[in-house]
Amino acid sequence: MTIDKITEITVYESPDGGRTVYARNPGSKNREIHLRDPELEKDLADLRQQERWQFILAARENNPAINELCEQIEVLYELSKTSQ
């Protein structure tokens, strides 16, 4: 039996136990995300939002407008806690 045509093979790998699955061609180091767990997507979005708030809070030291808005948010947050 001879093989006339070489079929393309895709290698699938997951370094995090299946939460993210990458696909690549054999011998290639370039890989693309094939599948990502929706729960992981939510976790990553939450982390990005937390990081943004850290930058905002750091910026309030040098930016009076951001500082004023942060103070208003703090008041609003405290008022919302007491009204619940």
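Residues numbered from 1 in each chain as written. Predicted model: local features only at pLDDT ≥ 70, side-chain atom pairs only at ≥ 80, totals over all residues. Heavy atoms only, no water.

1. Topic: the overall build of the chain
Alright, step 1. In terms of helices and strands, the chain carries two helices and three strands.
Alright, step 2. In the chain, the succession of helices and strands from N to C terminus is β-β-β-α-α.
Alright, step 3. Here the C-alpha radius of gyration of the chain, 24 Å, is well above what a compact globule of 84 residues would show, namely 12 Å.
Alright, step 4. Viewed in the frame of its principal axes, the chain has a C-alpha envelope of about 80 × 35 × 15 Å.
Alright, step 5. Looking at the chain residue by residue over its 84 residues, the buried ones come to 8%.
Alright, step 6. Restricting to contacts in the chain with at least 6 residues of sequence separation, those with at least 24 account for 3%.
Alright, step 7. Of the roughly 7600 Å² that the chain leaves accessible, carbon and sulfur atoms contribute 54%.
Alright, step 8. Taking the average location of the 11 positive side-chain charges in the chain and that of its 16 negative ones, the two points are 5 Å from each other. (Helix = DSSP H or I, 4+ residues; strand = E, 2+ residues; numbered from the N terminus. Rg over C-alpha atoms; globule rule 2.2 N^0.38 Å. Buried < 20%, exposed > 50% of the residue type's maximum accessible area, 1.4 Å probe, protein only. Contact = heavy atoms within 4.5 Å. Areas by Shrake-Rupley, 256 points an atom, 1.4 Å probe, with all protein chains shown as cover. Lys, Arg positive; Asp, Glu negative; His and termini not counted. Charge placed at Lys NZ, Arg CZ, Asp CG, Glu CD.)

2. Describing the packing of aromatic side chains
Alright, step 1. Under the defined criterion, the tally for this structure stands at zero aromatic pairs.
Alright, step 2. Sitting over the face of the ring of Tyr-22, Arg-31 holds its NZ or CZ atom 3.8 Å from the ring centroid. (Phe/Tyr/Trp six-rings, centres within 6.5 Å; stacked < 30°, edge-to-face > 60°. Lys NZ or Arg CZ within 6 Å of the ring centre and 35° of its normal.)

3. A word on the sheet that holds strand 2 (residues 20–24)
Alright, step 1. Within the open sheet, the three strands sit side by side as 1-2-3. Their pairing is antiparallel. One side of each edge strand has no neighbouring strand; the edge strands of this open sheet are strand 1 (11–13) and strand 3 (32–36). When the angles between neighbouring strand axes are averaged without regard to direction, this sheet yields 30 degrees.
Alright, step 2. Judged from the four bridges that link them, strand 2 and strand 3 form a sheet pairing that is antiparallel. Considered in strand 3, the bridge of Val-21 is made with Leu-35. (Pairing = 2+ DSSP bridges. Axes fitted to C-alpha atoms, helices over the stretch in contact; angles between N-to-C directions.)

4. Regarding the side chain of Thr-20
Alright, step 1. With respect to the element layout, Thr-20 can be found in strand 2.
Alright, step 2. Classification of Thr-20 by relative accessible area gives buried; the value is 4%.
Alright, step 3. Filtering out sequence-adjacent residues up to four positions away, Thr-20 remains in contact with Glu-13, Ser-14, Pro-15, Ile-33, Leu-35, Arg-36 and Leu-40.

5. With respect to helix 1 (residues 38–59)
Alright, step 1. For helix 1, which comprises 22 residues, the first-to-last C-alpha distance of 32 Å matches the rise-based estimate of 32 Å (1.5 Å per residue) to within 8%.
Alright, step 2. By the N-cap criterion, in which a side-chain oxygen at the helix start approaches the backbone nitrogen of a residue two or three places on, helix 1 is capped by Asp-37, the distance to Glu-39 being 3.0 Å. (Expected span 1.5 Å × (residues − 1). Polar contact = N/O pair within 3.5 Å; in protein donor to acceptor, adjacent residues only side chain to side chain.)

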